[in-house]
Protein chains: 2
Amino acid sequence: MPNISKRSLGTYESPIRKLAASANQAEAEGKKVYYLNIGQPDILTPPSALQKVKEKDLPIIKYAPSKGISTYVEKLTQQYQSKGFDIQNEHIYITNGASEAIQLLLMACVDADENIIIPEPLYANYVGFSEYASVQIKPITSQIEDGFALPNIEKFEAAIDSKTRAILICNPNNPTGAVYSKEAIIELGELCKKHDIFLFVDEVYSAFCYDEFEFYSALHLNDLAQNVAIVDSVSKRYSACGARVGRIVCRNAKVLEAINKFAQYRLSAPTLGQVLSEALLEVDASYLEEVNLEYTERRNVLFERLSQMDGVKCYKPGGAFYVFAELPIDDADYFCKWLLESFEHEGQTLMLSPGSGFYASPELGKNQIRIAYVLNSTDLNKAMDCLEKAIEIYPNKVALDAKMMEKI
Amino acid sequence: MPNISKRSLGTYESPIRKLAASANQAEAEGKKVYYLNIGQPDILTPPSALQKVKEKDLPIIKYAPSKGISTYVEKLTQQYQSKGFDIQNEHIYITNGASEAIQLLLMACVDADENIIIPEPLYANYVGFSEYASVQIKPITSQIEDGFALPNIEKFEAAIDSKTRAILICNPNNPTGAVYSKEAIIELGELCKKHDIFLFVDEVYSAFCYDEFEFYSALHLNDLAQNVAIVDSVSKRYSACGARVGRIVCRNAKVLEAINKFAQYRLSAPTLGQVLSEALLEVDASYLEEVNLEYTERRNVLFERLSQMDGVKCYKPGGAFYVFAELPIDDADYFCKWLLESFEHEGQTLMLSPGSGFYASPELGKNQIRIAYVLNSTDLNKAMDCLEKAIEIYPNKVALDAKMMEKI
């Protein structure tokens, strides 16, 4: 029997999906599982857009152009322009979700064994994309104590070496929910310009900012047009993750040309998803307003419940729909598996993503977990009942740290 | 301005799509362009399946599981089993088209700087996928004189070295239309077993075999279950290229596990495309029978027209919907560009794929082109009128070779 590749052996496993088998098993045993592991919202995809897809006359489901269906790209351009961005059709490249967008940027801009700087905790699949492209990650650790704010600019600058090609951030952040300020983005841009490296910003959660938080796109950095590429998608904004339609927006013609070379191999992003995405651009603004109110409420519920649990450390995230909390446990990988395999509370349990997979640094995040608040408040409360009970009876609980002891 | 990656500079450009700008320009100038460059059929996607997608109640377009929507996978399994194949659900992995399937197989089974053997002319994007995965291609050249039949097994064996991990073939073949015999597949399988390497077979054209030609799937090779992976897709069979739904079928659990690790990063193949693909499994057999009759007629038209053109070398392909012909020209890259930019016949021209891009060996295929017979016979005839005229007046025509002179 021939061996698989060595690179498969070393390959990082997604913390978001790796417990899927345990969850299936829990369901097979009759447990109700609350899925808070994956950013798959329960919000309806806008019905008006789904209706438009049904009404569209498409007798042949043809390949799309490699760079995207032109009418969709044109409408996106108009939307950017109407918001004051200096974006033309040729600056937009449609991808198989934001996932492929990041992969293409790495292939186009970074060579094997060069590196990119990413604040951690980071979106776990960035590690996978980097492995796929043989690119090294230099992580800069952000801290739960300040709600995982963007680390100081000095830390970024200190990490830049001769092999650094880009800084990659996710704003609003997955997995922490942190929203980075306009000042922080401008400062990071200036650093990238100074060192002549790329700034990649994953902006897929840009529609989700709560309270006083305001999103500031890196596309505002006109002085940095040759260095900046942003990634976006319809997945989260319109609860259409399965459409698999994302995009790169970039004003550097050479980067776009390089992306096109790699993207031509896979022919095109899905046609039906792009037809849906085009229809989504016509959705009334009230849809997102209502969705934002809903997420704000969920976040409040989650923050309140977590704050009341003994030994749990958390903060109030300003955006996206995640919170990255610290639990009084030994090992979140084991705990999350235990939740599915050995625990139940009134026939129910929950699925979380263990924290270590969201760090590129080894040994970090072992007592942390990511919670996606993608369920309604009633279900979230039930899931939190389970979590509270679970922490109470978990056999490998660790002593609360000094700070927590004071609180008690 | 930061530089793009060195790997982008070296990157091969798809011969199928690289002349897209010239074609757009030709259309902008008012020319009618016959697109014979790309395997995008004009055949209708089965209307009954499209109707089922419209009727499907999908209020949220959710992520699919990374390995595919389970009901779709189960129906595929049933179909394989009904044809006598020993295939279970866990042997099937749904991908973003056959393109991603090949990429995943390379990542899972072959390390950087190892090699795979492919008969050429080859599907051009195999070169791109191999570059993406840093895998070397060892080509074995097949010949137009015998209709691009699979080269002798001795040639394959001679090419195997200590870094060879797999043989990859496409059957029926893109770009040649050759259909490989049962005996040739069995012999190739035995060779792979002897040297303990993988056999990857791209079977996306399996539904398209004409005259006396019969398709023989590598999944029949039960003795070789640990070595074989086949790739398939709904794109060609059901004229649904834009669905972007392909699959890997493989009975090697370790390979599937490695594929899953890499595939989890991109989350999932498109949901709407998979819903369509599931509906396509219910399409009446008469659909494919009619489609086959249609392609047989087109192939006949094309073969007849090409055979009548002075200095054109061709053969009668047994499957798929391509013919790979040799023209009395100096340089097909230049010729194909010239067709779009400097030629017209009664306001019309045609787009072809230049041959050199279908060879991994340098310097081969320079006077060859791939024609996809994806248009109806009337349009094909008009396109051949253009080609005949073009060859007649092309300024850089080369002297016909000795054999052709004899014929005249």
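As shown above, the structure is provided for reference.
An account of the accompanying structure is given in this report. All of these numbers come straight from a predicted model, not from anything done at the bench.

Structural notes on the relation of the copies chain A and chain B
After a rotation of 180° and a shift along the axis of 0.0 Å, chain A superposes on chain B with an RMSD of 0.0 Å. Those values place the two copies in the arrangement expected of a two-fold rotation axis. Judged by C-alpha distance, Lys54 of chain A is the residue of chain A that lies nearest the rotation axis, at 2.7 Å. Both copies share a contact surface, since 100% of the interface residues of chain A are interface residues in chain B too.

Some details on the sheet that holds strand S8 (residues 246-250) of chain A
All names here are of chain A. Spatial ordering of the open sheet is given by S2-S8-S7-S6-S5-S3-S4, a layout of seven strands whose pairing is mixed. At either end of the open sheet lies a strand with only one pairing partner, and these are strand S2 (92-95) and strand S4 (136-141). Shown here is a sheet whose adjacent strand axes are inclined to one another by a mean of 20°, direction ignored. Pairing of S2 with S8 involves four bridges; the strand directions are antiparallel.

Some details on the interface of chain A and chain B
The interface of chain A with chain B comprises 83 residues on the first partner and 83 residues on the second. At the boundary of chain A with chain B, total buried surface from both sides reaches about 6900 Å², with 56% on carbon and sulfur atoms. If you sort the residues of chain A by the area they bury against chain B, Arg7, Tyr132 and Tyr265 of chain A come out on top, with a joint share of 13%. Here chain A is connected to chain B by two salt bridges. Between Asp111 of chain A and Lys6 of chain B there is a salt bridge, with the nearest N and O atoms lying 3.7 Å from each other. Here chain A and chain B share 44 residue pairs in polar contact (both at pLDDT 80 or more) between them. Among the elements of the structure, helix H1 (6-9), helix H3 (47-55), helix H5 (97-109), helix H6 (125-132), helix H9 (253-265) and helix H10 (271-280) of chain A are those that each provide at least two residues to the side of chain A that touches chain B. Take the side of chain A that touches chain B: its biggest share by element is seven residues, from H9 of chain A. Split into classes, the residues belonging to the side of chain A that touches chain B amount to 42 nonpolar, 23 polar and 18 charged.

Overview of the packing of H6 of chain A against helix H9 (residues 253-265) of chain B
H9 of chain B packs onto H6 of chain A with a crossing angle of 115° between their chain directions and a minimal axis gap of 8 Å. Seen from above, H6 of chain A lies across H9 of chain B with left-handed handedness. Along the contact surface, H6 of chain A presents Asn125, Gly128, Phe129, Glu131 and Tyr132 of chain A, while H9 of chain B presents Phe262, Gln264 and Tyr265 of chain B. Looking at the contact of H6 of chain A with H9 of chain B residue by residue, the class counts come to four nonpolar, three polar and one charged.

Here we look at the nonpolar core
One finds Phe335 and Leu387 of chain A together with Phe335 and Leu387 of chain B to be the most contacted residues of the largest nonpolar core, which totals 312 residues. Sequence-distant contacts of Phe335 of chain B, that is, excluding residues within four places in its chain, are made with Leu327, Ile329, Leu352, Leu387, Ala390, Ile391 and Tyr394 of chain B.

Conventions used here
- Residues numbered from 1 in each chain as written.
- Chains lettered and ligands numbered in written order.
- Predicted model: local features only at pLDDT ≥ 70, side-chain atom pairs only at ≥ 80, totals over all residues.
- Heavy atoms only, no water.
- Least-squares fit on C-alpha atoms with pLDDT ≥ 70 in both.
- Contact = heavy atoms within 4.5 Å.
- Pairing = 2+ DSSP bridges.
- Helix = DSSP H or I, 4+ residues; strand = E, 2+ residues; numbered from the N terminus.
- Axes fitted to C-alpha atoms, helices over the stretch in contact; angles between N-to-C directions.
- Buried area = accessible area lost by both parts, 1.4 Å probe.
- Salt bridge = Lys/Arg side-chain N within 4 Å of Asp/Glu carboxyl O.
- Polar contact = N/O pair within 3.5 Å; in protein donor to acceptor, adjacent residues only side chain to side chain.
- Nonpolar A, V, L, I, M, F, W, Y, C, P; charged D, E, K, R; others polar.
- Left-handed = near helix turned anticlockwise from the far one by under 90°.
- Core = buried A, V, L, I, M, F, W, Y, C linked by side-chain atoms within 4.5 Å.
- Buried < 20%, exposed > 50% of the residue type's maximum accessible area, 1.4 Å probe, protein only.

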